[in-house]
Amino acid sequence: MAASTVNVENVTGLLEDHLSKLGFEVYPLKVGWYNSLLPANFHLAYPDDTLAVVVLSTPSMFEQAFLPFMEQRGCQVQSDPIDQCVKHCVSSAVSQCFPGQQVDVRYDYELLPSRKPKFLAQTAAHVSGAAFYYQQSDVTDQPWEKKKMFGVCVHPRFGGWFAIRALLVFAGVTVGSETKQPDPPDCVPSREGRIQLLEAFNFHWQDWGYRDIIPPVQTYSQKQRDYFGTPPAQRFALLKSWGFLPEENNQPDPTPDTQSQMSGHG
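Source: prediction; values computed, not measured.

1. Some words on the overall build of the chain
Summing up its helical and strand segments, the chain has 9 helices and 7 strands in all. A globule of 266 residues ought to have a C-alpha radius of gyration of about 18 Å, and the chain, at 19 Å, matches this closely. Taken along the three principal axes of its C-alpha coordinates, the chain extends 55 × 50 × 40 Å. When each of the 266 residues of the chain is scored for burial, the buried share is 48%. Here the analysis covers contacts within the chain between residues at least 6 apart in sequence; of these, 74% occur between residues at least 24 apart.

Printed below as a string of structure tokens:
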């Protein structure tokens, strides 16, 4: 089937109509913008002009989507409850907005058989202009010698109080040349600020101080902090104490990776 060119605002507008009220944001990008920053083994196997959309969750997602999802639908104990909620919200929006359209939906928690992530979430957020991805290479005269420092995204409104949840790739849909790549807002322009950010994220991620590297317009509620501050293996017990899970449900054996642990997946 021949590729079709679409108006990007029409696509993002439909998604926003369904997802913004649930506490999500959507940002479009071209696959080529994403692939240009990555080695070939991480490329998305689509033409450069293919339309993609990255989906973020904001602080309000917990109360506007997750708690209602748990109350109305509950969750299976075999996988993470937040992941189940996000998948339900995103897949419902895609099926309602784009019936019959081939959309490759990739979630932040999914891995390929090679154990590589299905997409690099922070790179997608950066090239879409949603959030600046601060990396070790963004610091001049690095003070860490040869130590590896993991990078982190900062949202211009929420600081670190958000999460990158999914990438939607619209197979066979291209974006015209009039769509230019936006620059993500550089919220932490100074060397000292970037050092503070990366050290807070790498060395003190448990206290969540890196999330406040800029003054956020909204942060997580206390209930949301309690949830994400609870180790993943104990979250089902917490949900049960909130009245969301039946007594007979058993906890799964979670095997979170390092990055999930560092971020609390929130």
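Structure's up, so let's keep going.
2. Regarding the packing of helix 3 (residues 61-72) against helix 4 (residues 81-97)
Packing of helix 3 against helix 4 brings their axes to within 10 Å, and their N-to-C directions diverge by 95 degrees. By the angle between their axes, helix 3 is roughly perpendicular relative to helix 4. Touching M61, F62, A65, F66, F69 and M70 of helix 3 are P81, I82, Q84, C85, H88 and C89, all from helix 4.

3. What to know about the confidence of the model for the chain
The pLDDT averaged across the chain works out to 91; a share of 91% of its residues lies at or above 70. Contacts for the low-pLDDT stretch residues 247-261, under 50 throughout, to residues beyond four places or in other chains number 17 contacts.

4. Things to note about the side chain of R211
Checked against the element boundaries, R211 lands in the loop between helix 6 (191-203) and helix 7 (222-228). Here R211 occupies a buried position and makes no salt bridge, while the nearest side chain of opposite charge, D212, is found at 8.0 Å. Of note is the side chain of R211, whose polar atom sits 2.8 Å from the backbone oxygen of G160.

5. Looking at the nonpolar core
Counting 70 residues, the largest nonpolar core has L15, F66, I164, L167, L168 and F170 as its most contacted members. Beyond its immediate chain neighbours, meaning those up to four positions away, L15 contacts S20, V26, V53, A93, C97, F98 and L168. Formed by 16 residues, the second largest nonpolar core is a distinct cluster that contains Y134, V152, V154 and I213.

6. Description of the pattern of salt bridges
Counted under the stated rule, the structure contains 5 salt bridges. Among the ionic pairs, R106 bridges to D104, the shortest N-O distance being 3.0 Å. The salt bridge partner of K118 is E110, with a shortest N-O separation of 3.9 Å. Looking at K118, the relative accessible area reads 28%, which means it is partly exposed. For E110, a relative accessible area of 17% corresponds to the buried category.

7. Details of the packing of helix 1 (residues 8-19) against helix 4
Closest axis-to-axis distance for the helix 1/helix 4 pair is 10 Å, and the angle between their directions is 130 degrees. The angle between helix 1 and helix 4 places the two elements in the oblique class. Handedness of the crossing formed by helix 1 with helix 4: right-handed. Where helix 1 approaches helix 4, its residues L14, L15, H18 and L19 are matched on the opposing element by C89, V90, A93, Q96 and C97. Considering only residue class, the contact of helix 1 with helix 4 consists of 7 nonpolar, 2 polar and no charged.

Rules of the game
Residues numbered from 1 in each chain as written. Predicted model: local features only at pLDDT ≥ 70, side-chain atom pairs only at ≥ 80, totals over all residues. Heavy atoms only, no water. Helix = DSSP H or I, 4+ residues; strand = E, 2+ residues; numbered from the N terminus. Rg over C-alpha atoms; globule rule 2.2 N^0.38 Å. Buried < 20%, exposed > 50% of the residue type's maximum accessible area, 1.4 Å probe, protein only. Contact = heavy atoms within 4.5 Å. Axes fitted to C-alpha atoms, helices over the stretch in contact; angles between N-to-C directions. Parallel < 35°, antiparallel > 145°, perpendicular 65-115°, else oblique. pLDDT = per-residue confidence, 0-100. Lys, Arg positive; Asp, Glu negative; His and termini not counted. Salt bridge = Lys/Arg side-chain N within 4 Å of Asp/Glu carboxyl O. Polar contact = N/O pair within 3.5 Å; in protein donor to acceptor, adjacent residues only side chain to side chain. Core = buried A, V, L, I, M, F, W, Y, C linked by side-chain atoms within 4.5 Å. Left-handed = near helix turned anticlockwise from the far one by under 90°. Nonpolar A, V, L, I, M, F, W, Y, C, P; charged D, E, K, R; others polar.

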